[in-house]
Amino acid sequence: MTNQLFRHRRVRRFGVRAALMVFALGVLGATPVDAGGTLRVAMSASDVPLPNGQTDQGAEGMRFMGYSLFEALVGYDLSSRDKPVTLIPGLATGWSVDADDRTRWTFKLRSGVKFHDGSLFTAAAVVWNLDKILNKDAAQYDTKQAGQGRGRVPTIASYKAIDDSTVEIVTTKPDALFPYQIAWIVMSSPAQWEKSGKSWDNFIKNPSGTGPWKLSTYTPRERAELVPNNAYWDANRIPKLDKMVLLPVPDPSARVAALRSGQVDWIEAPPPDALPSLKDAGFVISSNVYPHVWPWHFSRVEGSPWNDIRVRKAANLAIDRAGMKSLLGGLMLEAQGQVPPSSDWFGNPTFKVRYDVAEAKRLMKEAGYSKDNPLQVKAIISPAGSGQMQPMVMNELIQQNLAEIGIKVDFDVRDWNALLANWRAGAKDATTEGAHSTNSSYFSQDPFTALMRHLDSRLIAPKGTNWGYYQDPELDKLVDGIRGEFDPAKQVKVIQKLHERYVDNALFLFVAHDVGPRAMSPKVKGFVQAQNWFQDLTPVSIEGE
Amino acid sequence: MFEYLAKRLLYAVPICITVSALCFSLVYLAPGDPLSAVLPADASQEIIDDVKAQYGLDKPVYVQYALWLGRAVTGDLGTSIGSGRPVAEEIGQAIVNSLILAAFASVVGFTIGSALGMIAGYHSGSTTDKMVSAIAISGVSVPHYWLGIVLVVIFSVKLNWLPAMGAGAGGSQAWQWDWEHMRFMILPAITLAAIPTGIITRSVRALVADTLSKEFVTALRAKGLTERTIFVHVVKNSAPTALSVVGVQLGYLMAGSILVETVFSWPGTGLLLNTAIFQRDIPLLQGTILVLALFFVGLNLLVDALQPLLDPRISRS
């Protein structure tokens, strides 16, 4: 029966495809779209990301929904797995900052781009979308989208349309990192919002962006179906698939079972212990380094044992990262700093983060500690959490490693949300309860999120996320230098100096970088896993469909 | 009879108020911030405070409770922080899916449980009784989560007979009572039915064995009634207690399916609760717990109302 239905569907689909092909060739005279089957994705998210524009469900939401249906002025080059991802023109063909007034940015918009509903993308739409998240008096202001987007563009002071294809954005202070920030802000269709009765609740039932995918079905909590936007402005990025189905499957075992039983073709974040059996069964495991770091963030308040650089360096030398990698089934990159060595921002630190127990013991002895006279530290960790990899196993290994050199670690295990709440509150907050470090994995998509926000003394919690109360005027100068350097090549040099300062002073316990594992059926073709949280799903196809 | 029902209904009022207060306040004991899951991790305090105010989370807890209760009695359970949709709408869809699953699991659990209980009760002390008891204890003891995974490994991964997750190819909105859709509920329903089957088997076995040892059964046999007629009497005498067990188990099937629905990604109230817990979606959590608790109270009321029909002694007492 199933096979019969399947055959009928295939016959019907073939018929529809043939008709479409004839129509395309005969009437439009255009190249037919290379349709490539249906891809069913089991996401690790617990809900279907909201198709409103500034979506939820973290980076996974933006990966599958946000950047599929919508686009920003600035995009990411996700076409290669071998080189770090860089910014590229998106809905803006170019941008520049005023040479005399470094707060004044001009974005030239791509002409002829249309939203899925057919309305034209113009400078007015950009202003409308910025109002959506920044102007509480605007009719289209949306608390949910503002919550997701406003914090990404903290330096916007004003914005206006110069003409139909030019937008001017003024920042509160010179900020060379502004293009990274604006890359987060995606454009929803004002016309579609109007058609939806000026309601975001209605808009999500039939959303409209400019992205390469269009939403065809949306069932909250269950599934979303995306189909190609064949009128997409970049012909090279019109999706090859007929359809992409997104399913929220938060339970990792359920995701593995769904893949193995053929219910889905692609699963996000397979558990490490399932990898050998998945490989044996012929499934493909895809992974690549991406901007993520799993560190211990040290408290630097008065009395913290991590104030002693010898102790910090010793701890960094005591971690058996290769052993940890083996424990995780190979799914991590051994950290040598806050960013991977392959990053343009790594620089050339003099302190080499490595596994050297003898040197670690020597440093600890110099600091007055040994295995018999250990230093006591308390570390906040979580049993799970977004981006936290396998925190219990990893921390237990660290505990063993540090015990070897005379650092006795007591864990304060907290729920992930509780850990985050303390991270925002800072090391001096009562909820820290005497802990000397916290273990939150960090998103490091741009210089600010990767390096600047953690140690800038002007961002000490709760103003920002300098949890440890670290203060270093030299480091602050480097941070200002990055913001004030508008020449990309020169800016990279300053970022490298900042990273070298991170490593040479062992400012964190650098442990691991995640490699974003995903498992997929061998039928999935064309996927190039970029070194990023976001991925381009347009080249993917399903073999044999 | 009317007085009996009125009393029961009256007793339900303080229970409902207590349940609402408990489910409102208990979620605040959990650590973490309800907005952590919906805002970026590095959202500024200003944005957090702003969103808190939008959801009314900046007010004292007792004020929040009073406002929530005031709205809840009109059927407005607030808006989900995670999805932005009305909680009542979210629960309405999920409860239908859970009812579908619970109904199927009930049929499996109650039929098998009653049959096995009867057999064991009639053969009390025999090898059959011991075997049935062993099955029943296994059903009660085996963790849902583990059983679900084992069934998936066998029937989905190895044999590829049944789907491992979901509620059908088009999701629950395209649900139909045909094989293409019902096959999706077989594994979760069997998993869900394991514990009720064990409990019902044991309860029915004890009731039947107890009833069979009563003097009136000896009297019926002495009067020469057929075993078939005696069986009817045994069922009649065991039914009221069995019904209360069944009622509790039906409530359990609705509310106790968090792990099963999560393992099988079945879009019911269990999965909704799980999502709400992990997202710290307080309005959704409070609303779902309240609705399930009220469902439980309503079910107990229904059982209380049905019991006197089966056993008039209850209303007389």
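Structural notes, computed from the coordinates. No experiment lies behind these values; they were computed from the predicted model shown.

## Some thoughts on the overall build of chain A
Link 1 in the chain: A tally of regular secondary structure across chain A gives 17 helices and 22 strands.
Link 2 in the chain: A compact globule built from 545 residues should have a C-alpha radius of gyration of about 24 Å, and chain A, at 25 Å, falls within 12% of that.
Link 3 in the chain: Counting only C-alpha atoms, chain A reaches 80 × 65 × 40 Å along its principal axes.
Link 4 in the chain: For chain A, long-range pairs separated by at least 24 residues make up 68% of all intrachain contacts whose partners lie at least 6 apart in sequence.
Link 5 in the chain: For chain A, the exposed surface amounts to about 21000 Å²; the carbon and sulfur share of it is 51%.

## What about the nonpolar core?
All names here are of chain A.
Link 1 in the chain: Counting 74 residues, the largest nonpolar core has Leu-73, Phe-121, Ile-182 and Trp-266 as its most contacted members.
Link 2 in the chain: Counting residues per element, this core draws most heavily on helix 3 (residues 123-134), which supplies seven residues.
Link 3 in the chain: The residues touching Leu-73, leaving out its near neighbours within four places in the chain, are Pro-89, Gly-90, Leu-91, Ala-92, Trp-95, Phe-107, Leu-109, Phe-121, Val-126, Ile-182, Ile-185 and Met-187.
Link 4 in the chain: In this structure, Leu-402, Ala-427, Tyr-470 and Leu-475 belong to the second largest nonpolar core, which totals 69 residues.

## A few points about a nonpolar patch on the surface
Link 1 in the chain: On the surface, a nonpolar cluster with roughly 360 Å² of combined accessible area is contributed by B:Val153, B:Ile154, B:Leu159 and B:Trp161.
Link 2 in the chain: Relative to the elements of secondary structure, B:Leu159 occurs in the loop between helix 6 (144-158) and helix 7 (179-212).

## A few points about the environment of A:Lys428
Link 1 in the chain: Tracing the chain through its elements places A:Lys428 in the loop between helix 14 (416-425) and strand 17 (437-438).
Link 2 in the chain: With residues up to four places along the chain from it excluded, the contact list for A:Lys428 reads A:Val301 and A:Tyr469.

## Here's the deal with the packing of aromatic side chains
Link 1 in the chain: One pass over the structure, following the stated rule, counts 30 aromatic pairs over all chains.
Link 2 in the chain: Their ring planes at 45 degrees and their centres at 6.1 Å tell us that B:Phe155 and B:Trp161 sit as a pair that is tilted.
Link 3 in the chain: The partly exposed category is assigned to B:Phe155, whose relative accessible area is 24%.
Link 4 in the chain: Taken together through their ring pairs, the aromatic side chains of A:Tyr67, A:Tyr76, A:Trp184, A:Tyr290, A:Phe443, A:Trp533 and A:Phe534 make up a single cluster.

## Notes on the environment of B:Leu253
Residue and element names in this part refer to chain B.
Link 1 in the chain: Along the chain, Leu-253 turns up in helix 9 (residues 227-255).
Link 2 in the chain: For Leu-253 and Asn-237, which are 16 residues apart along the polypeptide, the C-alpha to C-alpha distance reads 26 Å.
Link 3 in the chain: Once you skip the residues sitting within four places of it in the chain, Leu-253 turns out to touch Ala-102, Ala-105, Ser-106, Leu-192 and Pro-196.

## Concerning the interface of chain A and chain B
Link 1 in the chain: Counting residues at the interface gives 45 residues for chain A and 55 residues for chain B.
Link 2 in the chain: For the pair chain A and chain B, the summed buried surface comes to about 3900 Å²; carbon and sulfur atoms form 48% of the total.
Link 3 in the chain: Where chain A touches chain B, the interface holds two salt bridges.
Link 4 in the chain: Across the salt bridge formed by A:Asp47 and B:Arg85, the nearest N and O atoms sit 3.5 Å from each other.

## Thoughts on the pattern of salt bridges
A side chain with one charge may pair with a side chain of the opposite charge, provided their charged atoms come close.
Residue and element names in this part refer to chain A.
Link 1 in the chain: As enumerated under the stated definition, the model contains 31 salt bridges over all chains in all.
Link 2 in the chain: In this structure, Glu-168 and Arg-104 form a salt bridge, with 2.9 Å as the shortest nitrogen-oxygen distance. Placement of the pair is Glu-168 in strand 7 (residues 166-171) and Arg-104 in strand 5 (residues 104-109), with a sequence separation of 64 residues.
Link 3 in the chain: With relative accessibility at 11%, the residue Glu-168 sits in the buried group.
Link 4 in the chain: Its salt-bridge partner being Asp-472, residue Arg-501 comes within 2.8 Å of it at the nearest N-O pair. Within this pair, whereas Arg-501 is found in helix 17 (residues 488-504), its partner Asp-472 is found in the loop between helix 15 (447-455) and helix 16 (473-484), the two being separated by 29 residues in sequence.
Link 5 in the chain: Under the relative-accessibility criterion, Asp-472 is labelled buried at 8%.

## Notes on the side chain of A:Ser68
Link 1 in the chain: Relative to the elements of secondary structure, A:Ser68 occurs in helix 2 (residues 58-69).
Link 2 in the chain: Non-local contacts of A:Ser68, meaning those with residues more than four positions away in its chain, are made with A:Met62, A:Arg63, A:Gly211, A:Pro212, A:Trp213, A:Leu226, A:Met244 and A:Leu537.

## Here we look at the sheet that holds strand 6 (residues 156-163) of chain A
Residue and element names in this part refer to chain A.
Link 1 in the chain: On the basis of which strands lie adjacent, the open sheet formed by four strands has the order 4-5-7-6 and antiparallel pairing. Because the sheet does not close on itself, it has two edges, and the strands there are strand 4 (92-97) and strand 6. Here the average twist between neighbouring strands, direction ignored, is 20 degrees.
Link 2 in the chain: By the bridge criterion, five bridges tie strand 4 to strand 5 in an arrangement that is antiparallel. For Ser-96, the partnering residue across the bridge sits in strand 5 and is Thr-106.
Link 3 in the chain: Each of strand 5, strand 6 and strand 7 is contacted by helix 3, which is oriented at about 160 degrees to strand 6, the strand it contacts most.

## What about the environment of A:Ile380?
All names here are of chain A.
Link 1 in the chain: Structurally, Ile-380 is set in strand 15 (residues 375-381).
Link 2 in the chain: Taking the C-alpha atoms as reference points, Ile-380 and Asn-439, separated by 59 residues in sequence, lie 6.2 Å from one another.
Link 3 in the chain: With residues near it in sequence (within four places) discarded, Ile-380 still touches Asp-412, Arg-414, Leu-419, Asn-422, Thr-432, Ala-435, Ser-437, Thr-438, Asn-439 and Trp-467.

## Observations regarding the sheet that holds strand 20 (residues 518-520) of chain A
Remark on secondary structure: sheet strands pair via backbone hydrogen bonds, oriented parallel or antiparallel.
Residues and elements named next belong to chain A.
Link 1 in the chain: Reading across from one edge, 8-9-10-1-11-20-12 is the order of the seven strands in this open sheet, with mixed pairing throughout. A strand with exactly one partner marks an edge of an open sheet, and here the two such strands are strand 8 (213-219) and strand 12 (284-286). Looking at each pair of strands side by side, their axes are set apart by 20 degrees on average, direction ignored.
Link 2 in the chain: Both strand 1 (residues 38-43) and strand 11 (residues 266-268) contribute to a ladder of two bridges, which runs parallel. Residue pairing across strands places Val-41 opposite Trp-266, the latter belonging to strand 11.

## Observations concerning the pairing of strand 10 (residues 243-248) of chain A
Residues and elements named next belong to chain A.
Link 1 in the chain: Summarising burial for strand 10: five of the six residues are buried, a large majority.
Link 2 in the chain: Judged from the six bridges that link them, strand 1 and strand 10 form a sheet pairing that is parallel. Counterpart to Leu-39 in the pairing with strand 10 is Met-244.
Link 3 in the chain: Bridge count for strand 9 (residues 223-228) against strand 10 is three bridges, and the pairing is antiparallel. Residue pairing in the sheet places Ala-224 in a bridge with Leu-246 of strand 10.

Cut-off values and rules
- Residues numbered from 1 in each chain as written.
- Chains lettered and ligands numbered in written order.
- Predicted model: local features only at pLDDT ≥ 70, side-chain atom pairs only at ≥ 80, totals over all residues.
- Heavy atoms only, no water.
- Helix = DSSP H or I, 4+ residues; strand = E, 2+ residues; numbered from the N terminus.
- Rg over C-alpha atoms; globule rule 2.2 N^0.38 Å.
- Contact = heavy atoms within 4.5 Å.
- Areas by Shrake-Rupley, 256 points an atom, 1.4 Å probe, with all protein chains shown as cover.
- Core = buried A, V, L, I, M, F, W, Y, C linked by side-chain atoms within 4.5 Å.
- Buried < 20%, exposed > 50% of the residue type's maximum accessible area, 1.4 Å probe, protein only.
- Patch = residues over 30% accessible without salt bridge, like charges linked within 9 Å, V, L, I, M, F, W, Y side chains within 5 Å.
- Salt bridge = Lys/Arg side-chain N within 4 Å of Asp/Glu carboxyl O.
- Phe/Tyr/Trp six-rings, centres within 6.5 Å; stacked < 30°, edge-to-face > 60°.
- Buried area = accessible area lost by both parts, 1.4 Å probe.
- Pairing = 2+ DSSP bridges.
- Axes fitted to C-alpha atoms, helices over the stretch in contact; angles between N-to-C directions.

Take it as geometry only, folks, not as evidence of what the structure does.
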